[in-house]
Amino acid sequence: GENVEQHPSTLSVQEGDSAVIKCTYSDSASNYFPWYKQELGKRPQLIIDIRSNVGEKKDQRIAVTLNKTAKHFSLHITETQPEDSAVYFCAARGSGWGKFQFGAGTQVVVTP
Amino acid sequence: GAGVSQSPSNKVTEKGKDVELRCDPISGHTALYWYRQSLGQGLEFLIYFQGNSAPDKSGLPSDRFSAERTGGSVSTLTIQRTQQEDSAVYLCASSPDRFNEKLFFGSGTQLSVL
């Protein structure tokens, strides 16, 4: 089955700097890769996703890149702000519908 | 509109007891998921329902765990003979259908097994 590894587990950045979180997956048949943000005490919420037929997707200050050959994908946050502080989870969905495998999460702390 | 609703929000039980966790998905969403989140860990897939299809139960950790979805809406996750290692937050999510895969999560049930 699919296995997703996520790094780093914690990330501390100064406000205004960029943050990058990387994930690798094992199932070459995986074709959908969402990212979820979970603020303290709240439920996870989708922030961006990418499908395997696209190499990069951007939405304002966040972007996701996908390298199918290397089986890894990354989340990029530019011009970080204190409200970006949260736990970020990557996920991969293999060829079977519905079964998402999540990474262990990255705690991002943005210091003013 | 109303989001995904889970109950109870907190459940404390004694080892060996059975528990039932409930999930009300967003109206009209045909896909429903259960995940488990242990402290400091990622989300562990448990089970997936899609419409009237047979559920994908491949993530259930043991035969003490079961789930059903009645009438294509409300779902119940049952844990029999609870163990301390079952302590976690149980998250339910729904999505519109198998093609629109944005997961809308509930606020979870915090299960504590003493």
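In the block above lies the structure referred to throughout.
Residues numbered from 1 in each chain as written. Chains lettered and ligands numbered in written order. Predicted model: local features only at pLDDT ≥ 70, side-chain atom pairs only at ≥ 80, totals over all residues. Heavy atoms only, no water.

S.K.: When you look at the sheet that holds strand β7 (residues 62-67) of chain A in this model, what are you seeing that I'm missing?
M.R.: Consider a sheet: its strands pair through backbone hydrogen bonds, and that pairing is either parallel or antiparallel. All names here are of chain A. Read across the open sheet, the five strands follow the order β1-β3-β8-β7-β6; overall the sheet is antiparallel. Each edge of the open sheet carries a strand with a single partner, namely β1 (4-7) and β6 (56-59). Neighbour to neighbour, the strand axes of the sheet diverge by 15° on average, direction disregarded. Pairing between β1 and strand β3 (residues 19-25): four bridges, direction antiparallel. (Pairing = 2+ DSSP bridges. Helix = DSSP H or I, 4+ residues; strand = E, 2+ residues; numbered from the N terminus. Axes fitted to C-alpha atoms, helices over the stretch in contact; angles between N-to-C directions.)

S.K.: Is there a simple way to think about the interface of chain A and chain B in this case?
M.R.: Note on interface size: it is often stated as the accessible area lost on association of the parts. With 16 residues of chain A in contact, the opposing surface of chain B contributes 21 residues. Ranking the residues of chain A by area buried against chain B places A:Arg43, A:Trp97 and A:Phe102 at the top, with a combined share of 36%. Here chain A and chain B share two salt bridges between them. A salt bridge links B:Glu101 to A:Arg93; the nearest nitrogen and oxygen atoms lie 2.6 Å apart. The interface formed by chain A and chain B contains seven residue pairs in polar contact (both at pLDDT 80 or more). Of all elements in the fold, only β4 (32-38), β5 (45-51), β9 (86-93) and β10 (100-102) of chain A reach the threshold of two or more residues within the side of chain A that touches chain B. Here the element with the most residues in the side of chain A that touches chain B is β4(A); it accounts for three residues. Counted by class, the side of chain A that touches chain B contains nine nonpolar, three polar and four charged residues. (Contact = heavy atoms within 4.5 Å. Buried area = accessible area lost by both parts, 1.4 Å probe. Salt bridge = Lys/Arg side-chain N within 4 Å of Asp/Glu carboxyl O. Polar contact = N/O pair within 3.5 Å; in protein donor to acceptor, adjacent residues only side chain to side chain. Nonpolar A, V, L, I, M, F, W, Y, C, P; charged D, E, K, R; others polar.)

S.K.: Just checking my understanding: could you explain the packing of aromatic side chains for this structure?
M.R.: The relation between two aromatic rings is expressed through the spacing of the ring centres and the mutual angle of the planes. Following the criterion strictly, the structure yields twelve aromatic pairs over all chains and no others. Seen in terms of ring centroids, A:Tyr36 and A:Phe102 are 5.8 Å apart; in terms of plane orientation they differ by 55°. Their pairing is tilted. Here A:Tyr36, found in strand β4, pairs with A:Phe102, found in strand β10; they are 66 residues apart in sequence, far enough to count as distant. You can call A:Phe102 buried: its relative accessible area is 8%. Judged by centre distance (5.8 Å) and plane angle (70°), the ring pair of B:Tyr35 and B:Phe45 falls under edge-to-face. Linking B:Tyr35 in strand β4 (residues 31-37) with B:Phe45 in strand β5 (residues 43-50), this pair joins segments that are ten residues apart in sequence. (Phe/Tyr/Trp six-rings, centres within 6.5 Å; stacked < 30°, edge-to-face > 60°. Buried < 20%, exposed > 50% of the residue type's maximum accessible area, 1.4 Å probe, protein only.)

S.K.: I'm lost on the nonpolar core in this one. Help?
M.R.: If you look at soluble globular proteins, the nonpolar side chains tend to sit buried side by side. Ranked by internal contacts, the top residues of the largest apolar core, which has 23 residues, are A:Ile21, A:Tyr25, A:Phe33, A:Trp35, A:Phe73, A:Leu75 and A:Tyr88. Elements represented by at least two residues in this core include exactly β2 (10-14), β3, β4, β5, β7, β8 (72-77), β9 and β11 (106-111) of chain A. Leave out the neighbours within four places in its chain, and A:Tyr88 touches A:Gln6, A:Ile21, A:Tyr36, A:Lys37, A:Ile47, A:Leu75, A:Ile77, A:Gly105, A:Thr106 and A:Val108. Core analysis: the second largest hydrophobic core is formed by 20 residues, B:Val4, B:Leu21, B:Leu77 and B:Cys92 among them. (Core = buried A, V, L, I, M, F, W, Y, C linked by side-chain atoms within 4.5 Å.)

S.K.: It is not clear to me how the environment of B:Val113 should be interpreted in this structure. Could you clarify?
M.R.: All names here are of chain B. As for its position among the elements, Val 113 is in strand β10 (residues 109-113). Judged by relative accessible area, Val 113 falls into the buried class, the value being 6%. For the pair Val 113 and Leu 77, spaced 36 residues apart in sequence, the C-alpha to C-alpha distance is 16 Å. Those residues within four positions of Val 113 in sequence are excluded, and the remaining contacts are Thr 13, Glu 14, Lys 15, Thr 82, Gln 83, Gln 84, Asp 86 and Ser 87.

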